Amino acid sequence: MRPFKYVRASDLDAAALAVAANPRAKYLAGGTNLLDLMKEDIERPNELVDLNRLQLNEIKPLAEIKPSGDGVSIGALATNTDTANHPLIRQGYPLLTQAIVAGASPQLRNMATNGGNLLQRTRCPYFYDTALPCNKREPGTGCAAREGLNRMHAIFGWSEKCVATYPGDMANALYALDAEVRIKGAGGRERTIPIGEFHRLPGDTPEKDTDLEHGDLIVAIELPGSPFAKNFHYLKVRDRASYAFALVAVAAALELDGGTIRQARVVLGGVAHKPWRSREAEAALAGKPASEESFRRAAEAALLEAKPLAHNAFKVELGKRAIVRALLRASRLA
Amino acid sequence: MDDDFDETSVPELTEDEEALLEEMPALTGVGPTRRTFLGQTIAGGLGLFALDLLAFEKALAAVSPSPGAAVAAEPAMENLVKVAFKVNGATKTLDLDSRVVLLDALREKLALTGSKKGCDQGQCGACTVLVDGKRVLSCLTLAAAVDGREVTTIEGLANGDELHPMQAAFIKYDGFQCGYCTPGQICSAVGLLEEARRGDVSHVTEDVTATSTRLSDDEIRERMSGNICRCGAYPKIVAAVQEVHSGRQAAQTWRYADEQQLARVRKEDADAAV
């Protein structure tokens, strides 16, 4: 690991100033992904500003999970474990609970924060291998995965510059739940970004995972009131039963009126540079009876535009079956 | 391998190695021991391994001859952080390079080598310790970040000579083979008990909106999935954790041989050799 200055920020403004003043400074929250990447010499900050050392009155609002309007506000510094198990989340947004506990391991979820989870970087093996080219790690060097081993990679939204996938689970549920991300800018101004616009597709600048500016700090994730607390399912398909990244994941949520689908959410994980919300599948489900036949049509619609790479065509069929399965579970037909 | 390897001899180090050893802040206090060890390791023909250790100590960059390296000129002690935290009940104060992770502070500075370094990147769980009672990975935790916190390692679980119930259960069920992952497994299992008491859910919990504090074997398997065991002792680990969690005692299925049995075996061996 390269040398870095470790700073314990006592208040948020001081933390923001410290990061804003140094283009190579980074915030440290749970550190589970950042320290891993620093050990691998992929992230090279020369200063870490530790947010966990803020004074109690500063840290409390950042780590809180509390009612907000008819929804819930989730502090960016709350851990994944505390978030998944909070009564407000388990009762009101159980899809989010399922998604969080599908990721990582209990130890990592005890450490990882919600803000950091949103910002975790791809696990593309070429991104991690500093001996090989990667446009995300070193812009302009090329994409080793495009013609390399790309079984784990994207089938939607990729570019010639990058075929990596977003690895997280939590965000897939947040996309289905219409969350917003509250950001505090380097100048102290707050703004919110709809979760659907938070992550980017790679395009010509795969080094940018999001549109956040240097010094921006995620302070909270806002969840609106949700009609999806009854019929939901997070399905994760991976190479082993637990503690692995998704080949394909599906966050499925239904609002049912008797046997009819009033509205639906279908978000795929592990298939693109960001969680992939399928408006096509959702449109195919709206107003239709909750049945296996409807779910199959929606799954076909969701994968219609998929563009698999050399080694991941299986994700197309797997994605369809995973959608049907997740919707069957969400509607309690299976 | 060098056939003349003599563990009491201290071989000559190259100029680079001398410089490295002088500049390594992590070795202050344990210097001579570590230095002898490194020397011996090199003498033993494991030079590559030793160099790797040096790299792991993060010192190579500080004396790198490569003129292109931006960090080459920075002295190794530049980013010193004072850290005070409780380890197994005792307060420790350390001056550390900011890069030192909790695992290395425990092992290299405090000689608490129970916590193991497996993958060093959060994929195996061998380094699991409890921070303020919660299980975390010490390889991905900066030592500086546990300032003011309470760390419990495998060394701190027993109460004097009385083993923690989880330690006793691992022995009773023979929940390990080589033992390398065991400290992490046990610390993880201790953390699991408290999470279960709180009613935390897992990936295999059928209804996450309902609260249950009773774990099935499937629940234990999922909740222990952050701890990898290459020997495959999983069935016995699950049995051990289940017994402590549920309080349902099962009879131990093995016991140590007594002196009489040992004598008999020795005699049989001797007879067979005749």
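Residues numbered from 1 in each chain as written. Chains lettered and ligands numbered in written order. Predicted model: local features only at pLDDT ≥ 70, side-chain atom pairs only at ≥ 80, totals over all residues.

Notes on the overall build of chain A
Line of reasoning, step 1. A tally of helices and strands in chain A yields 13 helices and twelve strands.
Line of reasoning, step 2. Against the 2.2 N^0.38 benchmark of 20 Å for 334 residues, chain A shows a C-alpha radius of gyration of 20 Å, consistent with a compact globule.
Line of reasoning, step 3. Dimensions of chain A, computed from C-alpha atoms along their principal axes, come out at roughly 60 × 50 × 35 Å.
Line of reasoning, step 4. Counting the 334 residues in chain A, one finds 56% classified as buried.
Line of reasoning, step 5. Taking as baseline every contact in chain A between residues at least 6 positions apart, the subset at least 24 positions apart corresponds to 64%. (Helix = DSSP H or I, 4+ residues; strand = E, 2+ residues; numbered from the N terminus. Rg over C-alpha atoms; globule rule 2.2 N^0.38 Å. Buried ≥ 20, exposed ≤ 12 C-beta atoms within 10 Å, placed from the backbone. Contact = placed C-beta atoms within 7 Å.)

Let's talk about the sheet that holds strand β12 (residues 276–277) of chain A
Residues and elements named next belong to chain A.
Line of reasoning, step 1. Spatially, four strands are ordered β9-β10-β11-β12 in an open sheet, and the strand pairing comes out antiparallel. Looking along the sheet, the strands with just one partner apiece sit at the ends: β9 (231–238) and β12.
Line of reasoning, step 2. Here strand β11 (residues 260–269) runs beside β12; their pairing, made up of two bridges, is antiparallel. In the sheet register, Leu268 faces β12, and the bridge partner there is Trp276.
Line of reasoning, step 3. Relative to the sheet, helix α6 (residues 94–101) contacts β9 and β10 (246–257), its axis offset from that of β9 by approximately 15°.
Line of reasoning, step 4. In this fold helix α13 (residues 314–330) packs onto β9, β10 and β11, with an angle of close to 35° to the strand it touches most, β10. (Pairing = 2+ DSSP bridges. Axes fitted to C-alpha atoms, helices over the stretch in contact; angles between N-to-C directions.)

What to know about the sheet that holds strand β4 (residues 134–137) of chain B
Residue and element names in this part refer to chain B.
Line of reasoning, step 1. Strands sit in the order β2-β1-β5-β3-β4 across an open sheet of five strands; the sheet is mixed. In the strand order of this sheet, the two ends are held by β2 (90–97) and β4, each with one partner. Recorded for the sheet is a direction-independent mean angle of 40° between the axes of neighbouring strands.
Line of reasoning, step 2. When strand β1 (residues 80–87) meets strand β5 (residues 150–152), the two strands line up parallel, connected through two bridges. Each bridged residue has a counterpart across the sheet, and for Val87 the counterpart in β5 is Val151.
Line of reasoning, step 3. Lying over the sheet, helix α7 (residues 182–198) contacts β3 (128–131) and β4, oriented at roughly 35° with respect to β3.

Section: the environment of Ile261 of chain A
Line of reasoning, step 1. Along the chain, the position of Ile261 of chain A falls in strand β11.
Line of reasoning, step 2. On a C-alpha basis, the gap between Ile261 of chain A and Leu54 of chain A in space is 46 Å, while along the polypeptide they are 207 residues apart.

Looking at the interface of chain B and chain A
Line of reasoning, step 1. Listed as interface residues are 36 residues of chain B and, on the opposing side, 31 residues of chain A.
Line of reasoning, step 2. Of all elements in the fold, only β4, α7 and α8 (217–223) of chain B reach the threshold of two or more residues within the side of chain B that touches chain A.
Line of reasoning, step 3. Take the side of chain B that touches chain A: its biggest share by element is four residues, from β4 of chain B.
Line of reasoning, step 4. Among the residues forming the side of chain B that touches chain A, the class breakdown is twelve nonpolar, 13 polar and eleven charged. (Nonpolar A, V, L, I, M, F, W, Y, C, P; charged D, E, K, R; others polar.)

Focus on the nonpolar core
Residue and element names in this part refer to chain A.
Line of reasoning, step 1. Counting residues in each nonpolar core, the largest one holds 164 residues, and the members touching the most others are Leu95, Val250, Ala251, Ala298 and Ile323.
Line of reasoning, step 2. Ranked by residues supplied to this core, first place goes to β10 with nine residues.
Line of reasoning, step 3. With sequence-adjacent residues up to four places away left out, Ala251 is seen in contact with Leu95, Ala99, Asn172, Ala173, Tyr175, Ala176, Tyr234, Arg265 and Val267. (Core = buried A, V, L, I, M, F, W, Y, C linked by C-beta atoms within 7 Å.)

Quick look at unusual backbone geometry
All names here are of chain B.
Line of reasoning, step 1. A positive phi is found at Asp120, a non-glycine position, where the angle reads about 65°.
Line of reasoning, step 2. Topologically, Asp120 is positioned in the loop between α5 (102–109) and β3.
Line of reasoning, step 3. The phi torsion at Asp174 lies on the positive side, around 60°, for a residue other than glycine.
Line of reasoning, step 4. Relative to the helices and strands, Asp174 is located in the loop between α6 (165–172) and α7.
Line of reasoning, step 5. The exposure class assigned to Asp174 is partly exposed, which follows from the 15 C-beta atoms found within 10 Å.

Considering the environment of Glu160 of chain A
Line of reasoning, step 1. Note on placement: Glu160 of chain A falls in the loop between α9 (125–128) and α10 (170–176).
Line of reasoning, step 2. With 158 residues separating them along the chain, Glu160 of chain A and Arg2 of chain A place their C-alpha atoms 31 Å apart.

Quick word on the packing of helix α12 (residues 292–303) of chain A against α13 of chain A
Residues and elements named next belong to chain A.
Line of reasoning, step 1. Look at α12 against α13: their axes get within 9 Å of each other, and the N-to-C directions meet at 145°. Along this stretch, α12 crosses α13, giving a crossing that reads as right-handed. Across the interface between the two elements, Glu292, Phe295, Arg296, Ala298, Ala299, Glu300, Ala302 and Leu303 of α12 pack against Val316, Gly319, Lys320, Ile323, Val324, Leu327 and Leu328 of α13.
Line of reasoning, step 2. Among the residues forming the contact of α12 with α13, the class breakdown is ten nonpolar, one polar and four charged. (Left-handed = near helix turned anticlockwise from the far one by under 90°.)

So, the pairing of strand β4 (residues 65–68) of chain A
Line of reasoning, step 1. Alignment of β4 of chain A against strand β5 (residues 71–75) of chain A, held across four bridges, turns out to be antiparallel. In the sheet register, Pro67 of chain A faces β5 of chain A, and the bridge partner there is Val72 of chain A.

Details of the confidence of the model for chain B
Atomic detail in the predicted coordinates should be set aside for any region of low pLDDT.
Residue and element names in this part refer to chain B.
Line of reasoning, step 1. Residue-level pLDDT values for chain B average 83, and 75% of them are 70 or greater.
Line of reasoning, step 2. With pLDDT under 50 throughout, residues 1–8 is counted as low confidence; its partners more than four residues away or in other chains account for eight contacts.
Line of reasoning, step 3. Contacts from residues 27–52, a stretch scored under 50 in pLDDT, to residues over four places away or in other chains number 27 contacts. (pLDDT = per-residue confidence, 0-100.)

Structural notes on α13 of chain A
Residue and element names in this part refer to chain A.
Line of reasoning, step 1. The end-to-end C-alpha distance of α13 is 24 Å, a good match for the 24 Å that 17 residues give at a rise of 1.5 Å each.
Line of reasoning, step 2. Within the span of α13, buried status applies to Lys315, Gly319, Lys320, Ala322, Ile323, Val324, Ala326, Leu327 and Ala330.
Line of reasoning, step 3. Remark: Arg332 follows α13 within two positions and exhibits a positive phi of approximately 60°. (Expected span 1.5 Å × (residues − 1).)

Digging into the domain arrangement of chain A
Quite often, the size of an interface is put as the accessible area lost when its parts meet.
Line of reasoning, step 1. Splitting chain A by domain gives domain 1 (5–53) and domain 2 (231–330).
Line of reasoning, step 2. Taking the mean C-alpha position of each, domain 1 of chain A and domain 2 of chain A sit 37 Å from one another. (Domains from an automatic or database assignment.)

As for the environment of Cys139 of chain B
Residues and elements named next belong to chain B.
Line of reasoning, step 1. With respect to the helices and strands, Cys139 occurs in the loop between β4 and β5.
Line of reasoning, step 2. Judged by C-beta crowding, with 27 C-beta atoms within 10 Å, Cys139 ranks as buried.
Line of reasoning, step 3. Separated by 68 residues in sequence, Cys139 and Asp207 place their C-alpha atoms 33 Å apart.
Line of reasoning, step 4. Among residues more than four places away in sequence, those in contact with Cys139 are Val101, Leu103, Lys117, Asp120, Gln121, Gly122 and Cys127.

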